[in-house]
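Listed below are the residues making up each chain.
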Amino acid sequence: MKRMAPLFLLVLFALVATELVFAQTQTNPPKAATSQKPKGETLELGKSYATLRPEQQHLIDSFIRSYNATTKSDLAAQQSYDNARLSIRTTFDAVTHALLNVKMTDSHGKSLGRAIDLVAAVDEVMGEESDARGDQQFRLYVYLAPNADDILSRSQEFFHDKDNSVYHKGFPICYRLKKGPPSIQFSISHDHKLSDVDVDYRAPGFPKGLLNGHLTAANSDVRAGNNLALHDGRWLGLNGWWRDVFGQLGSGGATPREAATERHGHIPMNPGVKANEGVDKSAHDFLQSWVVGKQANKSVAYFSRRSYPCLEELAQKKSQPVPQGMIRLHTMMEMQKFSDSLGAVNSVADVFEPADKWSQASKPAKNAFASEFRLVSLPVDMGEDEECVAIPANDSGKRSKEKYFATALREKNGDNRNRVTSLLWAQEGNYWKIIAMRIEDSSDAGLVPNEAAVLVLPAEEEPRNIAGDPASVKDITQFYQAWIVKRDVTQASGFASQRSYQCLAAPSEDQKKLTPTARIQSALEQPLTRIRSSANLSDMMSSVQPVDDLLRPVQQENSRAFAIMAVPDQMANSFLCQHRHLPESYPDLKPADAKYGAYYLTASRFNYEEEQSPALLLLWTKEEAGWKIVAWAVELP
């Protein structure tokens, strides 16, 4: 086991499309003629395909060629881009423009190329998407060049940030451009082939990270607020060609909502059933939409990008290699072909039945559709092993809190009666998604080999509660009451120890004459402008629970509003702001060796009108005058 990462890297919290075929046209549209730009017209780079840079055009051309080859269409690249929704074009233009302008060098100053060279192909461009979190909008999903991860790790311009665990699901490896915002973020899959790429325009840290919408779509929407000015301040040349569509942009106004329309064949952004309705209902809806409703597009919405390696392997086995960016489209076409071959179907049970073999290491789960498929829950270790790309051992020694389920079914009739389909499910955001798929002969079927039946895995335990110091709970509660309920920032600032001043950023010009206490009071004042006043803390804020086994929850009457967690004494030093840049300085810490009582961590999010803030983490310890805040951090994606 490797040494444990510093505490601020360990504290991970359970916080709670359109295809790049830009025009969403029907199959075999007429090819558009190349338009000529009238003389004297102002060149508006990025507004149309004709004004894109050659590297940007190349990505679109490659995608459209793959699309045409997959669907036997004759779609034109120019027509696709020019007819795309506005947010699709602005997102593609802004992200690729930033990538074009970032030149990378190694530690010796030798060129490593441009960031755009790391992109081999586009999988999807996400613009404004309804019912999607901020980390699922205004970004590109791309296939990376084979050596992209190595180049990023050697580049002086990027740094390897802590792994994504809650946001950017399925893309844990995080690289960020230094000296932001604005900053480019590469979030990379376990197999280093796919990446979620976006531009972060909003600064992290306290108090800005709690106020500026870093967790909202506005963080990556170049049209929002003053994001264009920030973009051009770092990468000159993105001229804001879209402002002639709505004049308020650039002056702090909100972007108008797009009335995106769906067509038959379009793959929805999200599945039809939400996670709180149960994984069994999600699995049923996946099958129902496929074989009964004959709408394979709605079924394909259940496939996570984590399933791509499995889907690509299945296509390879059938001698159907799929171009990059086309795997979901190819899967939808194959599924539609199968469902059409069945003719009219009255129920899922007419087509599928539950598989009868399964590993004894799995546990039957509640299933209202037992006549259609077998549903089991899997231990975390087993679930991680059965992902399309096995999850490497956690460097920190922490157990993942992801919950895995698996369904197994076989076809009831025809030549494929002995063929068993196994699906691995995990929750992503508000939906259960398929993250792995296997199709095997029933003689050796089962997502988990039957030989594993003799393996007895330990039951997963939640972090054990601990009795906190009554004085600490009292002082912490008084702090939140003074700050959030009474809105008395003077009293609240009195809970900040002088040791916490290390967490203050370098002062701006207008802050240089302020004392540290005055700066903290100003920071505490700012979130209050967005929190609706109430007599109850739980109406204005909500707790964020730990998923690290070494953080022990403290039960207290305001646990809905803010969480209090006992922190091992051996770990607390790494959370202090002046130590966060230092390498690890202590060995692995086993739960049995952890000592508690000197430090507590509180975690909460503020309830704004239509969103929640990032998580605010405060580290507390006892000083002569009582319990004080000695460090803080804002947990960001």
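Residues numbered from 1 in each chain as written. Predicted model: local features only at pLDDT ≥ 70, side-chain atom pairs only at ≥ 80, totals over all residues. Heavy atoms only, no water.

Peer 1: Give a description of the overall build of the chain that names residues and reports values.
Peer 2: The secondary structure content of the chain amounts to 17 helices and 20 strands. Taken over 637 residues, the chain has a buried fraction of 56%. Counting only carbon and sulfur atoms, one obtains 50% of the accessible surface of the chain, whose full area is about 28,500 Å². (Helix = DSSP H or I, 4+ residues; strand = E, 2+ residues; numbered from the N terminus. Buried < 20%, exposed > 50% of the residue type's maximum accessible area, 1.4 Å probe, protein only. Areas by Shrake-Rupley, 256 points an atom, 1.4 Å probe, with all protein chains shown as cover.)

Peer 1: With reference to specific residues and values, describe the packing of helix H8 (residues 279-292) against helix H11 (residues 327-342).
Peer 2: Contact pair H8 / H11: the axes reach a minimum separation of 8 Å and the direction vectors enclose 65 degrees. For the pair formed by H8 and H11, the contact residues are Phe-286, Trp-290 and Val-291 on the first element and Met-335, Phe-338, Ser-339 and Leu-342 on the second. The residue makeup of the contact of H8 with H11, split by class, is 6 nonpolar, 1 polar and no charged. (Axes fitted to C-alpha atoms, helices over the stretch in contact; angles between N-to-C directions. Contact = heavy atoms within 4.5 Å. Nonpolar A, V, L, I, M, F, W, Y, C, P; charged D, E, K, R; others polar.)

Peer 1: Which residues make up the pattern of salt bridges, and what values go with them?
Peer 2: Where charged atoms from two side chains of opposite charge approach closely, those side chains can pair. Within the structure shown, the criterion is met by 24 salt bridges. As a salt-bridge pair, Glu-313 and Lys-317 come within 3.9 Å of each other at their nearest N and O atoms. Of the two residues, Glu-313 and Lys-317 both sit in helix H10 (residues 308-317), 4 residues apart, roughly one turn of that helix. Between Lys-318 and Glu-334 there is a salt bridge, with the nearest N and O atoms lying 3.3 Å from each other. Taken as a pair, Lys-318 in the loop between H10 and H11 and Glu-334 in helix H11 lie far apart in primary sequence, 16 residues in all. A cluster of three or more residues bridged by salt bridges with shared partners is formed by Asp-123, Glu-124, Arg-305 and Arg-328. (Salt bridge = Lys/Arg side-chain N within 4 Å of Asp/Glu carboxyl O.)

Peer 1: Residue-level account of unusual backbone geometry, with values.
Peer 2: Outside of glycine, negative phi angles account for most residues, and trans bonds account for most peptide bonds. One non-glycine residue, Lys-72, lies in the positive phi region at around 60 degrees. With respect to the secondary-structure elements, Lys-72 resides in the loop between helix H2 (54-71) and helix H3 (77-82). Here Lys-72 falls in the exposed class, since its relative accessible area comes to 65%. With phi around 55 degrees, Ser-319 is a residue other than glycine that occupies positive phi space. Among the secondary structure elements, Ser-319 is positioned in the loop between H10 and H11.

Peer 1: I'd like a description of the sheet that holds strand E8 (residues 194-200), backed by residues and values.
Peer 2: Read from one edge to the other, the open sheet built from 6 strands follows the order E3-E4-E8-E7-E6-E5, with strand pairing classed as antiparallel. Each having just a single partner strand, strand E3 (119-126) and strand E5 (158-160) make up the two edges of the open sheet. Going from strand to strand, the sheet's axes swing by 25 degrees on average, the running direction of each strand aside. Pairing of strand E4 (residues 139-144) with E8 involves 4 bridges; the strand directions are antiparallel. (Pairing = 2+ DSSP bridges.)

Peer 1: Kindly report on H11, identifying the contributing residues and their values.
Peer 2: In this model H11 runs 23 Å from its N-terminal to its C-terminal C-alpha over 16 residues, within 8% of the 22 Å that 1.5 Å per residue would give. Regarding H11, the residues found buried are Ile-327, Arg-328, Leu-329, His-330, Thr-331, Met-332, Met-335, Gln-336, Phe-338 and Ser-339. Looking one or two residues beyond H11, the residue adopting positive phi is Gly-343, at roughly 75 degrees. (Expected span 1.5 Å × (residues − 1).)

Peer 1: Talk me through the side chain of Asp-196; I want residue IDs and the actual numbers.
Peer 2: Along the chain, Asp-196 turns up in strand E8. Classification of Asp-196 by relative accessible area gives buried; the value is 1%. A polar side-chain atom of Asp-196 sits 3.0 Å from a polar atom in the side chain of Arg-139. (Polar contact = N/O pair within 3.5 Å; in protein donor to acceptor, adjacent residues only side chain to side chain.)

Peer 1: Give a detailed account of the pairing of strand E13 (residues 419-428), specifying residues and quantitative values.
Peer 2: Most of E13 is tucked away: 8 of the 10 residues are buried. Sheet analysis places strand E12 (residues 404-411) next to E13, joined by 7 bridges and oriented antiparallel. If you follow Leu-409 over to E13, its bridge partner there is Thr-421. One ladder, built from 10 bridges, connects E13 with strand E14 (residues 431-441); its direction is antiparallel. Note that in E14 the partner of Trp-425 across the bridge is Ile-434. Hairpin connection from E13 to E14: 2 residues lie between these consecutive antiparallel strands, with Gly-429 at a positive phi of about 65 degrees.

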